[in-house]
Amino acid sequence: MDGHSRFGGVNRIAWRPLLTLVVLLGASSGTTATTGAEPVRTEERRWSHPAKEYPRSVRRWFVELPPALQYSEVRFRDGDDPRWAQPAWDDADWEVRGFWDLPARAGVQWVRFRVRMDCDGRVALPAGIMISTVRTYEVFWDGVLLGASGVPGPDRTSEQVGRVDEWFSIPAPLRGPGEHVVAMRSSSYRVGFPAKNSGFRFLVDAPARLQGMVLREAFVPTLAAGALCMVALAALIMWLLAARRATLLLLGGVCVSGAAMQALQAMRWFFQYPADWHYPVLAAMVGLVGAQGVLTVAFVAVHFAVPHRGWLLGGLVPVFALVSWLSPPRLNLEGVWILAVGMTVSLGCAGWALRRGRRGAGPALAGLAASAALLLLEAEDFRASFFLKFLPALLGLIAAIAMQLHDERRDAQAAQLAAARLETELLKKNLQPHFLLNTLAVLTEIVEQNPRSAVKLIDDLADEFRAVARVSAEKLIPLAQELELCRAHLRVMSVRTGQTWSLEAAGVDETVVVPPAVLLTLIENGFTHQRVTNGATVFRLRLERVGGAVVRLTFFSPGEVQADRTRPAGGTGMRYVRARLEESFPGRWSLHGEPVAGGWRSVVEIGAERGRA
Amino acid sequence: MRVLIVEDEPLLAQRLERFCREILGETLETIRRATALAEASARLDEAPIDLLLLDLNLHGRDGMELLKASVAGSFHTIIVSANTDQALRAFEFGVIDFVPKPFSQERLAQALARVTEREGRAAGAAKYLAVKKHGRVELVEIDRIVYLEGAGAYAELVLDDGKRELHDKTLEKLHALLPPGFERIHKSYVVRWSAVKALHASEGSHYEAELKNGVMLPVGRTRYKELREKLG
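As the structure is a computational prediction, the values presented were derived from the model and not from experiment. (Residues numbered from 1 in each chain as written. Chains lettered and ligands numbered in written order. Predicted model: local features only at pLDDT ≥ 70, side-chain atom pairs only at ≥ 80, totals over all residues.)

Considerations on the overall build of chain B
So, step 1. Counting its regular elements, chain B contains seven helices and 15 strands.
So, step 2. A burial count over chain B gives 38% of its 232 residues as buried.
So, step 3. Contacts in chain B between residues at least 24 apart in sequence constitute 51% of all its contacts with a sequence separation of at least 6. (Helix = DSSP H or I, 4+ residues; strand = E, 2+ residues; numbered from the N terminus. Buried ≥ 20, exposed ≤ 12 C-beta atoms within 10 Å, placed from the backbone. Contact = placed C-beta atoms within 7 Å.)

This is the structure in structure tokens:
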């Protein structure tokens, strides 16, 4: 049922060289049609097991038939004569054609062939017949009408379409060992397939065995549709509740298109749909496979952040169209080829990701490779055990997502820890014994010398601690608060050093947000590494917006940089500043410092997409 | 006594100076101030001192080097710092006391007493003595010292391998820094007591200590009896 020539013989011959060039799959074989060959006339009957008569894509149906079963060649005749049903009718002058090589949309036609069980007569011929075809037919067994699928007719209006799969039973008196003549009167105006020829699948076995085959055929796609739906639902729920990321939706899309495809596949066995549905159903399945291919590539490309993925995906659609145009003239092979292209591109992306050391690339690559290998092994029919073949790839993709989620959770925990550590560091910075004890030491002196000033210092110190308490739990604070914190610190330091320190920030937009205690750290570094010269005790802050959302803070710290020690780039203070900037502006900040006339200049840029200084 | 204060916070330098004046009174000969150790070394070249009051952050290599350079000098060093976590380290390197900030006059007096009193000892045990050698400061493990020999304003450290190292401090000052277990046996000798094998008295009130490595050191007449009892 699955093999139909979509192009005429001439077209096919023209495509052959191209097909041999496009070695995407070893799947260009598979047609046994003999269109173009001279009809053979023979008196001798040629007997063989039907498994040898059918194309490889449907051969699995026949290998299970009794080994002793043999079919003769199929003889074909245009026209209509009720006598042609008779077993004794001499069909020696009829044309010999394959089971898949009957002209489509060409009036009423008859085919005759014989069935026998070569044994010593102890085994009766099995009693059931299953016929799968999009053609309309009546079937005769040794001249007796077994039944019909639809009503054959000489034109489109008089033909009534039947069902794709039909079951018949052979009456007990007609079973017996030996030769039996099968005659079929058929027409095919509503075959749906655009190909010039069509065919039928004819199975003879015990009814229970035929039923078993159908059940097995239906089992995997049914299971697959259910399983894929569950995965798709799980992905959707995760997207809704846990993580709004494109890959979860893409995974869901891969599963939904797979589930729909498998549901269509299974539907045939649960609802014997009319024969003229079959072509649209198969076309829809190819379309779904195409969607699945694009979504799989999209998943891999998005998940591993493959560059130019827009172009990659955009380019895939015409490639799929070309592939289905170039593929051998069998509706299932378009699907195989599309899957092959999708797998190849996905493998390429996953390989690239593996080389780049992306997490999860290993399982994704392994899964895709395993699936690609399984598809290649049975390339004749992508629908046969499609789910089992696609399962490794699916598991690989899920593993990649799981590993990504795991990493993210770990990173989130690390970030949480880092935030907690930074908060502690900020508090420590201001409550650190060195600062506090030195201030207290100064305080003891002032208390003894000038109690009134001592109260002032205590107030200043309290101001600074209040400012610290306000910002300590924040990740970002308005510049106004940061300046307040800095000035409180400078008031304390003014008492301690006996000099009047100040911070100038004229015209600065104080609503700009910065991580807490960044400027304070720059001030502290100034006190640690610089020495007052010429009584310069003014820190200066300038703020500019340099294009877009980028804010540049230029901070001048007065005093001669102490000669014998360059300002340590990795000191605890600067480590704190870097960690804070990275926490709030990951990858979008820069920081550098340099000695300038009369002091040290630090430049912080926030919002710039560039490397860290 | 000649004192140098190294403290960058003027109020604290003022406090230290005031306390020194009040505690030392007449015995204070000179007192000078510097805001950083680099500045202080210039002051040291101008005139020698007996005591350095040093505010030093020992974190990092710089602080350590400065401390070593300081304790290798001929004077005693008292660290006055808020970084109390560094006190132990400072003692290992041979400071005579570590006064934590904030400090009271009593606490500073206690530290100064370690320097001024005859039998004053360091508040903690030193592990190293810093010696100036070829323009650099090197550390000598005190565990390796067998005895010390005074030579006027200097002292020689005699090590277990027989090597001798010259130290800028006097024998008295070094003895004050050394951990218990070192005995002054003579005005010019301090010896590790566990290295002494026997004491000998010869004619003419000539006393000697025989060390386990065979070296004979003179023993002061006034010290002999006490040492005899100690040896048992």
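Concerning the overall build of chain A
So, step 1. Across its full length, chain A carries 13 helices and 22 strands.
So, step 2. Out of the 613 residues in chain A, the part that is buried amounts to 42%.

Some thoughts on unusual backbone geometry
So, step 1. Look at the link from K101(B) to P102(B): it is a cis peptide, with omega at -10°.
So, step 2. Note on placement: P102(B) falls in the loop between β5 (97–100) and α5 (105–116).
So, step 3. Although it is not a glycine, D142(A) adopts a positive phi angle of roughly 50°.
So, step 4. When you line up the elements, D142(A) lands in the loop between β8 (136–141) and β9 (144–149).

Re the sheet that holds strand β9 (residues 154–159) of chain B
All names here are of chain B.
So, step 1. Taking strand neighbours across the sheet as the criterion, the five strands line up as β10-β9-β8-β12-β11 in an open arrangement whose pairing is antiparallel. Where the open sheet ends on each side, the last strands, each with one partner, are β10 (164–167) and β11 (182–186). Put simply, the sheet's adjacent strands are angled 25° from each other on average, direction ignored. (Pairing = 2+ DSSP bridges. Axes fitted to C-alpha atoms, helices over the stretch in contact; angles between N-to-C directions.)

Some thoughts on the nonpolar core
So, step 1. In this structure, V6(B), L53(B), I78(B), I79(B), V95(B), L148(B) and V191(B) are the most contacted members of the largest nonpolar core, which totals 106 residues.
So, step 2. If you tally residues by element for this core, the top one is helix α11 (residues 479–497) of chain A, at eight residues.
So, step 3. For L148(B), the residues in contact, after removing those within four places along its chain, are A155(B), E156(B), L157(B), V158(B), L171(B), L174(B) and V190(B).
So, step 4. Listed in part, the 63 residues of the second largest apolar core include A224(A), A301(A), V336(A) and M343(A). (Core = buried A, V, L, I, M, F, W, Y, C linked by C-beta atoms within 7 Å.)

Description of the confidence of the model for chain A
Residue and element names in this part refer to chain A.
So, step 1. Summing up the model confidence of chain A, the mean pLDDT is 84 and the portion of residues at 70 or higher is 88%.
So, step 2. Summarising per-element confidence for chain A, the mean pLDDT is lowest in helix α1 (residues 9–21) (36) and highest in β8 (96).
So, step 3. Counting contacts from residues 1–42, a segment whose pLDDT is below 50, to residues more than four positions away or on other chains yields 85 contacts. (pLDDT = per-residue confidence, 0-100.)

Describing the interface of chain B and chain A
So, step 1. Tallying the contact residues gives 12 residues for chain B and 14 residues for chain A.
So, step 2. Among the elements that take part in the side of chain B that touches chain A, helix α1 (residues 10–24) of chain B stands out by supplying five residues, more than any other.
So, step 3. Of the residues in the side of chain B that touches chain A, the class split is six nonpolar, two polar and four charged. (Nonpolar A, V, L, I, M, F, W, Y, C, P; charged D, E, K, R; others polar.)

Quick look at the sheet that holds strand β15 (residues 216–219) of chain B
Residue and element names in this part refer to chain B.
So, step 1. Judged by pairing direction, the sheet is antiparallel, and its three strands sit side by side in the order β13-β14-β15 without closing on themselves. Of all strands in the sheet, those with a lone pairing partner are β13 (196–202) and β15, marking the two edges. Sheet twist, expressed as the average angle between the axes of neighbouring strands with direction ignored, equals 30°.
So, step 2. Here strand β14 (residues 206–211) pairs with β15 via four bridges, running antiparallel. Along β15, the bridge assignment pairs E208 with P218.
So, step 3. Taken strand by strand, helix α7 (residues 221–231) contacts β13, β14 and β15, and its axis lies near 135° from that of β13.

A look at the pairing of strand β2 (residues 69–72) of chain A
Residue and element names in this part refer to chain A.
So, step 1. Residues L69 and Y71 point to one face of β2 and Q70 and S72 to the other, with burial holding for every one of them.
So, step 2. Examined bridge by bridge, strand β1 (residues 47–48) and β2 share two bridges and lie antiparallel to one another. Paired with S48 across the bridge in β2 is Y71.
So, step 3. Across three bridges, β2 lies against strand β6 (residues 109–117) in antiparallel orientation. Considered in β6, the bridge of L69 is made with M117.

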